[in-house]
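Observations on the three-dimensional arrangement
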Amino acid sequence: MKTRSWFGLLFPAFISILVFTFFPLIQIAIPTFQTSKGFLGLYTKFLGNTYNLQVIGRTFKIALVTTIIVLILGIPISLWIARQKSKIKSILTILTLFPMLTNAVVRNFAWIIILGRNGILNKFLLSIHLINSPLNILYTDTAIIIGSVYLFLPIMIISLVGSISELNIEAEEAAAVLGANPWINLIKIVIPQLVSGILTGCILVFAGAMTAYTTPQILGGNKNLVMSTLIYQQAMTLGNWKNASVIALILIIISASSMIIMRKAGHNLDRRPDSNA
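All values derive from a computational prediction rather than experimental measurement.

Here we take up helix H3 (residues 50–82). An ideal rise of 1.5 Å per residue puts 48 Å on 33 residues; H3 measures up with 47 Å between its terminal C-alpha atoms. At Gly74, H3 is bent by approximately 30°, the largest bend along its length, and proline Pro76 sits one to four residues beyond. A distance of 2.8 Å separates the backbone nitrogen of Tyr51 from a side-chain oxygen at the start of H3, and that oxygen is part of Asn49.

Let us now look at the side chain of Asp141. Assignment of secondary structure puts Asp141 in helix H7 (residues 141–164). Residue Asp141 is classed as buried on the basis of its relative accessible area of 16%. Side chain to side chain, Asp141 and Lys61 meet in a polar contact 3.0 Å long. With sequence-adjacent residues up to four places away left out, Asp141 is seen in contact with Arg58, Lys61, Ile62 and Asn224.

Further remarks concern the packing of aromatic side chains. Here the structure, examined in full by the defined rule, presents four aromatic pairs. Measuring from centroid to centroid gives 5.3 Å for Phe33 and Tyr43, while their planes differ by 25°, and the two rings are stacked. Residue Phe33 is found in helix H1 (residues 2–33), and its partner Tyr43 is found in helix H2 (residues 41–47); the two are separated by 10 residues along the sequence. By relative accessible area, Phe33 is classed as partly exposed at 27%.

All right, on to the packing of H7 against helix H10 (residues 195–211) then. Remark: H7 packs on H10, axes separated minimally by 8 Å, with the N-to-C direction vectors making an angle of 165°. Here H7 lies roughly antiparallel to H10, going by the angle between them. Along this stretch, H7 crosses H10, giving a crossing that reads as right-handed. For the pair H7 and H10, contact is made by Phe152, Ile155, Met156, Ser159, Leu160 and Ser163 and by Ser196, Gly197, Ile198, Thr200, Gly201, Cys202, Leu204, Val205, Gly208 and Ala209, respectively. When its residues are assigned to classes, the contact of H7 with H10 shows nine nonpolar, seven polar and no charged.

Under the definition given, this model contains two salt bridges. A salt bridge links Arg58 to Asp141, with the shortest nitrogen-to-oxygen separation between them at 3.5 Å. With Arg58 in helix H3 and Asp141 in helix H7, this pair connects stretches of sequence that are 83 residues apart. The class of Arg58 is buried, set by a relative accessible area of 16%. Between Lys61 and Asp141 there is a salt bridge, and its shortest N-O distance comes to 3.0 Å. Highlighted residues: Lys61 in helix H3 and Asp141 in helix H7, separated in sequence by 80 residues.

Calculation notes
- Throughout, residues of each chain are indexed from 1 in the direction in which the sequence is written.
- Predicted model: local features are reported for residues with pLDDT of at least 70 only, side-chain atom pairs are reported and counted for 80 or more only, and whole-chain, interface and lining totals are derived from all residues.
- To get the side-chain values, take all heavy atoms of the structure and skip hydrogens and water.
- Elements are defined by DSSP. Helices are runs of H or I of four residues or more, strands are runs of E of two residues or more, and each kind is numbered from the N terminus.
- What a helix should span is 1.5 Å times the count of its residues minus one.
- Bend angle per residue: angle between axes fitted to the 7 residues ending at that residue and the 7 residues starting there.
- Polar contact criterion, stated in full: a pair of N or O atoms within 3.5 Å, where within protein one must be able to donate a hydrogen and the other to accept it, and residues adjacent in sequence count only if both atoms are side-chain atoms.
- Here the term buried applies to any residue with accessible area under 20% of the maximum for its type, exposed to any over 50%, and partly exposed to those in between, with areas from a 1.4 Å probe on protein chains only.
- Only heavy atoms enter the contact rule, under which two residues are in contact if any of them lie within 4.5 Å.
- Two aromatic rings, drawn from Phe, Tyr or Trp (for Trp, its six-membered ring), form a pair once their centres lie within 6.5 Å of each other, and the interplanar angle then sorts them: stacked below 30 degrees, edge-to-face above 60, tilted otherwise.
- An axis is simply a line fitted to the C-alpha atoms; with a helix, the fit covers only the stretch in contact. Between two such axes, the angle follows the N-to-C directions and lies from 0 to 180 degrees.
- Note on terminology: angles under 35 degrees are roughly parallel, angles over 145 are roughly antiparallel, angles of 65 to 115 are roughly perpendicular, and the others are oblique.
- Crossing chirality is assigned from the near helix's rotation relative to the far helix, an anticlockwise turn below a right angle marking it left-handed and a clockwise turn marking it right-handed.
- Just so you know the grouping, Ala, Val, Leu, Ile, Met, Phe, Trp, Tyr, Cys and Pro go in nonpolar, Asp, Glu, Lys and Arg go in charged, and all remaining residues, Gly too, go in polar.
- When a carboxyl oxygen of Asp or Glu lies within 4 Å of a side-chain nitrogen of Lys or Arg, that pair is called a salt bridge.

Written out as structure tokens, the structure is:
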């Protein structure tokens, strides 16, 4: 009876996932295999194009660099927030999440004002004579990375704050008593205990950066396409829905494979004792 009850509770959720997640993917995938060019003809054609490979490489590079920068910025900020008093911690957490309440389009247009040739950043750098001519930051990969870091940093911080609250403070104190400086304490004591939170944050940020559309479209422009903007171009501009489906499925496979690899790497690096052991 317990097994039946367990199955009965999960069955509606399983059907919902099947209908609303897998069924649309199957509907998208089937036409891409039914072509005159063979079973995988559209996929080999897409992957055989040098420009398409450059778009895949750019997408992966932007997602990877964004994840690394967000992680480097997120760890110290999260440690600082997590070790404040309860009231201050709550206020700082709200302030961290506050930008997420603003529409992504609005935030990205704000970055246009900041990063443009006549934007705030260039005017400031020119005023202090650090540069002689405006920097071309907008509509580059750098602009996409800056916008993505701003977009996903709160997610990393929130993921890490929860893990930091469960840290073994006694281990840090013992290391300090034995002569470990703050940097060694951070690298050898704190970070190994944060593997679970780091892994969660990295997966969320990487997957989000890989599939983001608004930030690359607004800050990258039409010359710096990533896979999400290429899907839009193929589907909405060129009306080639089969090509758009091929790109979407390749993007899903790359994102899922990357997350599986990160999960396995995180599991191997996790030094915490296995609760099932």
